[in-house]
Amino acid sequence: MFGAIKGFFGDSDEKKLKPFRGNVDGINALEEEMKALAVEAFPQKTAEFRQRLHTPLNPPSEEEGRKQADETLDELLPEAFALVREAARRTLGERHFDVQLLGGQVLHNRGIAEMRTGEGKTLVATLPAYLNALEGKGVHV
């Protein structure tokens, strides 16, 4: 009976994760693009993300031809997570699974991601750590 009630009202954890699922699709869509990057392009992508990020340290520029620094961390998230996923694949031989991408988004949004032993909590932490470090304020893990 409890299963029928849960099926009708929905799982509260699933409801909390639903908004993040679209980003997982976006991250997955960028996978081939990130695989095609040369190793030398990784620091350049980080510099590009920082330039696109609107922070008090990087206000929008009025210069013609320069992209406005008006994006937020949430808007950069799919590209940043895709870059971290590719970096982990190349350096560690480990690729973030979709559930780990969800966990990274939960952490980025100041939530708690409960994961069992062996499900890759350390790998998950690399995603929001990189994203939030783009602001230049430092990140604690």
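About the thresholds
- Residues numbered from 1 in each chain as written.
- Predicted model: local features only at pLDDT ≥ 70, side-chain atom pairs only at ≥ 80, totals over all residues.
- Heavy atoms only, no water.
- Helix = DSSP H or I, 4+ residues; strand = E, 2+ residues; numbered from the N terminus.
- Buried < 20%, exposed > 50% of the residue type's maximum accessible area, 1.4 Å probe, protein only.
- Areas by Shrake-Rupley, 256 points an atom, 1.4 Å probe, with all protein chains shown as cover.
- Salt bridge = Lys/Arg side-chain N within 4 Å of Asp/Glu carboxyl O.
- 1 Å grid on protein atoms, 1.4 Å probe; cavity = no way out; pocket = protein on both sides within 12 Å on 5 of 7 lines; lining within 4 Å.
- Points joined across faces, edges and corners; volume = space filled by probe spheres on them.
- Nonpolar A, V, L, I, M, F, W, Y, C, P; charged D, E, K, R; others polar.

**Regarding the overall build of the protein**
Piece 1. Along the protein, the regular secondary structure elements total seven helices and zero strands.
Piece 2. Sequence-ordered secondary structure for the protein, helices as α and strands as β, is α-α-α-α-α-α-α.
Piece 3. Relative to its 141 residues, the protein shows a buried fraction of 36%.
Piece 4. Accessible area for the protein stands at about 9,200 Å²; split by element, carbon and sulfur atoms hold 56% of it.

**Concerning the pattern of salt bridges**
Piece 1. Counting across every chain of the model gives 11 salt bridges.
Piece 2. Between Arg95 and Glu31 there is a salt bridge; the shortest N-O distance is 2.7 Å. Pair noted here: Arg95 is in the loop between helix H5 (73-92) and helix H6 (98-108) and Glu31 is in helix H3 (residues 31-35), with a separation of 64 residues, a long-range link.
Piece 3. Overall, the relative accessible area of 32% leaves Arg95 in the partly exposed class.
Piece 4. Since its relative accessible area comes to 14%, Glu31 is described here as buried.
Piece 5. Of the charged contacts in the structure, one is a salt bridge between Glu79 and Arg52, with a shortest N-O distance of 2.5 Å. A residue pair is termed long-range when its members are at least 10 positions apart, and Glu79 in helix H5 and Arg52 in helix H4 (residues 41-52) qualify at 27 residues. Judged on exposure class, the residue Glu79 and its partner Arg52 are both buried.
Piece 6. One salt-bridge network, held together by shared partners, links Lys45, Glu48, Arg52, Glu71 and Glu79.

**Some details on the layout of surface pockets**
Piece 1. When its volume is computed, the second largest pocket comes out at roughly 260 Å³.
Piece 2. Lining the second largest pocket, in full, are Leu73, Leu107, His108, Arg110, Ala125, Pro128, Ala129, Asn132, Glu135, Val139, His140 and Val141.
Piece 3. Here the element with the most residues in the lining of the second largest pocket is helix H7 (residues 121-133); it accounts for four residues.
Piece 4. Here the residues of the lining of the second largest pocket sort into seven nonpolar, three polar and two charged.

Purely geometric numbers; function is a separate question.
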